[in-house]
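# Architecture at a glance
The lines below spell out each chain.
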Amino acid sequence: TSRINVEIGPDEFLHGTLLYYIEENTIEDGKGQFTLTSNSQDTKVYLNNEFIGTTPITNFSLNTGEYTIKLIATNYEDLEIPIIITGKNILNIKGYQFPIPVSFEDVENE
């Protein structure tokens, strides 16, 4: 199963997600994993509003179920991703965040 939800903005900037599963039989019953990368540097990752680290995140183990991941990076728009962890699968996630445009008014006021 794969899901692509991407918005293409100016200068071909992307905002959204690419998700796909890989079967992994070595994962214990009732568990799954996710791996997460992002196009922005030092992206903070929150799982159900709890900070779990910065990207990249590799083979993070969870019980099967539904979760929400939020990506927050300086100078980029936040990205919220609903995910479903399924048993004996690794969910691979690539997050794309739009850079926040800088206006001349913002620069002049600093």
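Our subject is the structure that appears above.
Attention in this report is confined to the structure presented alongside it.

### Section: a nonpolar patch on the surface
Together, I4, V6 and I8 make up an exposed nonpolar region whose accessible area comes to about 310 Å². Examined against the element boundaries, V6 turns out to sit in strand 1 (residues 2-8). Here V6 falls in the partly exposed class, since its relative accessible area comes to 33%.

### A look at the sheet that holds strand 1
Pairing within the open sheet is mixed, and its 5 strands lie in the order 1-2-9-3-6. Lying at the two open borders of the sheet, with one neighbouring strand each, are strand 1 and strand 6 (57-63). The mean inter-strand angle of the sheet, taken between neighbouring strand axes irrespective of direction, is 20 degrees. Here 5 bridges tie strand 3 (residues 31-38) to strand 6, and the two strands are oriented antiparallel to one another. Counterpart to G32 in the pairing with strand 6 is L62.

Scoring rules and cut-offs
- Residues numbered from 1 in each chain as written.
- Predicted model: local features only at pLDDT ≥ 70, side-chain atom pairs only at ≥ 80, totals over all residues.
- Heavy atoms only, no water.
- Patch = residues over 30% accessible without salt bridge, like charges linked within 9 Å, V, L, I, M, F, W, Y side chains within 5 Å.
- Areas by Shrake-Rupley, 256 points an atom, 1.4 Å probe, with all protein chains shown as cover.
- Salt bridge = Lys/Arg side-chain N within 4 Å of Asp/Glu carboxyl O.
- Helix = DSSP H or I, 4+ residues; strand = E, 2+ residues; numbered from the N terminus.
- Buried < 20%, exposed > 50% of the residue type's maximum accessible area, 1.4 Å probe, protein only.
- Pairing = 2+ DSSP bridges.
- Axes fitted to C-alpha atoms, helices over the stretch in contact; angles between N-to-C directions.

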